[in-house]
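What follows is each chain in one-letter form.
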Amino acid sequence: MQPPLESLTILIAEDSAADRMLLSSIVRRQGHEVLTAANGAEAVEAFRQQRPQLVLMDAMMPVMDGFEAAQQIKALAGETLVPIIFLTSLTESEALARCLEAGGDDFLAKPYNQVILAAKIKAMDRLRRLQATVLQQRDQIARHHHYLLNEQRVAKAVFDKVAHSGCLSAPNIRYLQSPYALFNGDLLLAAFTPAGDMHVLLGDFTGHGLPAAVGAMPLAEVFYGMTAKGYGLSEILREMNAKLKRILPVDMFCCATLLCLSFQRSSVEVWNGGMPDGYLHSVASGERTPLKAQHLPLGVLSPQTFDDRTDVLPMAVGDRVFLLSDGVIDTCDANEQLFGVERLQRVFAANRQPDALFAEIEQALRDFRGEARDDVSMVEVSLLEATQVSPPALVYSDSGQCCPLDWSVSFEFRAATLKRFNPLPYLLQLLLEVHGLRAQSGALYTVLAELYSNALEHGVLGLDSSLKRDASGFTRYYQQRSTRLDELQDGFIRVNLQVTPKGEGGCLTVRVEDSGKGFDVERVMQRPADGVRLSGRGVGLIRQLSRNASWSDDGRSARVEFFWEALA
Amino acid sequence: MADTHLDRDVLSALQEVMGDEYSTLLDTFLDDAEERLRILRKAEDAAQLMNAAHSFKGSSSNMGAIRLAELCHELEQCAKNKNLSGVEKLVGEIDGEFALVRPLYEAECRRSSPTKAIVPRF
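Since this is a predicted model, take the numbers as computed values, not measurements. (Residues numbered from 1 in each chain as written. Chains lettered and ligands numbered in written order. Predicted model: local features only at pLDDT ≥ 70, side-chain atom pairs only at ≥ 80, totals over all residues.)

Quick look at the sheet that holds strand β4 (residues 84-88) of chain A
Residues and elements named next belong to chain A.
Here's step 1: Across the sheet, which stays open at both edges, the five strands sit in the order β2-β1-β3-β4-β5 with parallel pairing between neighbours. Two strands lie at the open edges of the sheet, namely β2 (33-37) and β5 (106-109), each paired on one side alone. Between one strand and the next, the sheet's axes are offset by a mean angle of 20 degrees, whatever the strand orientation.
Here's step 2: Pairing of β4 with β5 involves four bridges; the strand directions are parallel. In the strand pairing of β5, I85 is matched with D106.
Here's step 3: Against the sheet, helix α2 (residues 40-50) touches β1 (9-13), β2 and β3 (54-58), its axis set at about 165 degrees to β1. (Pairing = 2+ DSSP bridges. Helix = DSSP H or I, 4+ residues; strand = E, 2+ residues; numbered from the N terminus. Axes fitted to C-alpha atoms, helices over the stretch in contact; angles between N-to-C directions. Contact = placed C-beta atoms within 7 Å.)

Put into structure tokens, the structure is as follows:
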């Protein structure tokens, strides 16, 4: 349907009084308001003051001609389209061209024809409205874009507070992420466990923009919350998967690689769900072992079918784990060719300065594609000497007035529990209610973890620690651990904790017993304590970090003590 | 024959558009034309001549003065081509043509508004 013709205000600039009068009558009869001017200067002034929507302009006028007036009016109108129709009996193409150059939009020849004039005014009005609509929509888009950027800025600021609460700034982590990686769905998190291990997550949510970013917050919360409480990768993975499965729509999920670097055990535990291969670079051999995706991404499978099995690989000091997002290998060149794994490996092979690796990969991507991408995430984590790592002190928010000082507790964890439950976070939280123990929480957790895994792996599961002497045995050891745990029917681990006050301070006694065969305590004790250690029962470490460590019942029962002095 | 000087169809269209102001329009045109003629007669160079002839041509054509518009067009072309030899003769012819159509327009004025003794100025 044709919209009702809107009455326009039309400026008529014409020096001939009769022509001006005639044209005014014609235009008025067509339902428009008329302003008149007898020369170009008057026309510009009338436009400045009354902003007519359309101008009928004679070309030849005294004082200021129509060409000059048209230019000035167009300049005053700015982005708004004010159509100018030149009134002329000019016939030479050169003169007509001059009208267009001066900003004219159409011509009307003398003698005037009412029908043609009405049609031209209507056409120009359509054009004018179109331009106004375009400008309005442009401004609206600009406004929305501005809002969106502002929302992203706020979301990013909030998220950065959460994401960077970890230890991405630790000396053994180098990473590269675009500032708005969050809105590409990329996520990089790192945190120390209470025992001083380091958890690292590189994730990639499906999609882009805010939808890709919304899952990041709950994922980060689970990662940091559970890591700080001492949970292992399996428990964290299960929780993350269940949470994402619950909150994300079906077509959204998160590819992720999760690492646990243990500086004390010189190993890395890996779980890769749907991410490109990561690489473990052994400095001694120069070899790069791919860390392949062996699982579906987080948020796909139900908690019942989710597979939290991890791989454990030995690492030496200086070895590096390199992880990357698919932005790297999926970068396309002008011919839709992928950058691919082979090109990436050539960059690896050509690399001489490990610290230059990121820059070299970026350069290779730029050379390949011709421009940089903003969705490339890379992280490299190296293994340090355990003594070089300094996890930040935990912050406690309680007042310290209700600290328990005289108690004991015993647990017995049996086969069905041992299979799927890790009691260490609970035990640690219980013990950290004792304020005097908080200063040594790292040592406490490490010793508890060693005692528990000794009891489970060597005691209940009967695994031979000497397997871990070399890298292939290392892998076999963890395969056997997984199989035997799956098949476990009997057995138990008992943990007894006893806290007693001693003067102004106190003492914690930990006893861990298992149902296994025990071991030759004296022979193990005689072995020299070596720093780099793949095998053995962690006896050296336990003796280092706790007091009065002793074994009884043929090694089936371990006992250690922790002391603290008066608190300041 | 009057029809080679004035286009009657144009005049009736003008009357329809202008209504009551038809005679005012014609009167305005006559005043305007006197002014143009004065400029034509004392024009000092080709450019002035060309502009005046051009404007006069435009309003003449709007008012249906066919022959006057034609003569103005010829003058405009002469001035444009700097062919000034025929200018004096053409200005004379334009003068003559205007003297001829002027009474026709005045008669038209009287015919359209017989009650008005004096035509008000625009």
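Quick word on the nonpolar core
Here's step 1: The biggest cluster of nonpolar side chains holds 66 residues, and the ones touching the most others in it are A:L189, A:L219, A:F223 and A:L259.
Here's step 2: The residues touching A:L219, leaving out its near neighbours within four places in the chain, are A:L187, A:G203, A:M240, A:L244 and A:C254. (Core = buried A, V, L, I, M, F, W, Y, C linked by C-beta atoms within 7 Å. Buried ≥ 20, exposed ≤ 12 C-beta atoms within 10 Å, placed from the backbone.)

What about the sheet that holds strand β18 (residues 505-514) of chain A?
Residues and elements named next belong to chain A.
Here's step 1: Overall, antiparallel pairing links the five strands, which are arranged β16-β17-β18-β20-β19 in an open sheet. Since the sheet does not close on itself, it has two edges, and those belong to β16 (407-414) and β19 (547-552), each with one partner. Pairs of neighbouring strands in the sheet enclose a mean axial angle of 10 degrees, with direction left out of account.
Here's step 2: In this sheet, β18 lies alongside strand β17 (residues 492-502) in antiparallel orientation, the contact comprising 10 bridges. If you follow V499 over to β18, its bridge partner there is L508.
Here's step 3: Most of the contacts of helix α15 (residues 441-460) go to β18, to which it runs at about 15 degrees, and overall it touches β17, β18 and β20 (557-564).

Digging into the confidence of the model for chain A
Residues and elements named next belong to chain A.
Here's step 1: Per-chain confidence: chain A averages 87 in pLDDT, with 93% of residues scoring 70 or above.
Here's step 2: When mean pLDDT is taken per element in chain A, β1 scores highest with 96 and helix α17 (residues 521-526) scores lowest with 76.
Here's step 3: Below a pLDDT of 50 lies the segment residues 531-535, which in the model reaches 11 contacts outside its immediate sequence neighbourhood of four places, other chains included. (pLDDT = per-residue confidence, 0-100.)

Some points on the interface of chain A and chain B
Here's step 1: Every contact between the two is made by 16 residues of chain A and, on the other side, 19 residues of chain B.
Here's step 2: Per element, the largest residue contribution to the side of chain A that touches chain B is eight residues, and it comes from helix α1 (residues 17-29) of chain A.
Here's step 3: In the side of chain A that touches chain B, the residues fall into eight nonpolar, four polar and four charged. (Nonpolar A, V, L, I, M, F, W, Y, C, P; charged D, E, K, R; others polar.)

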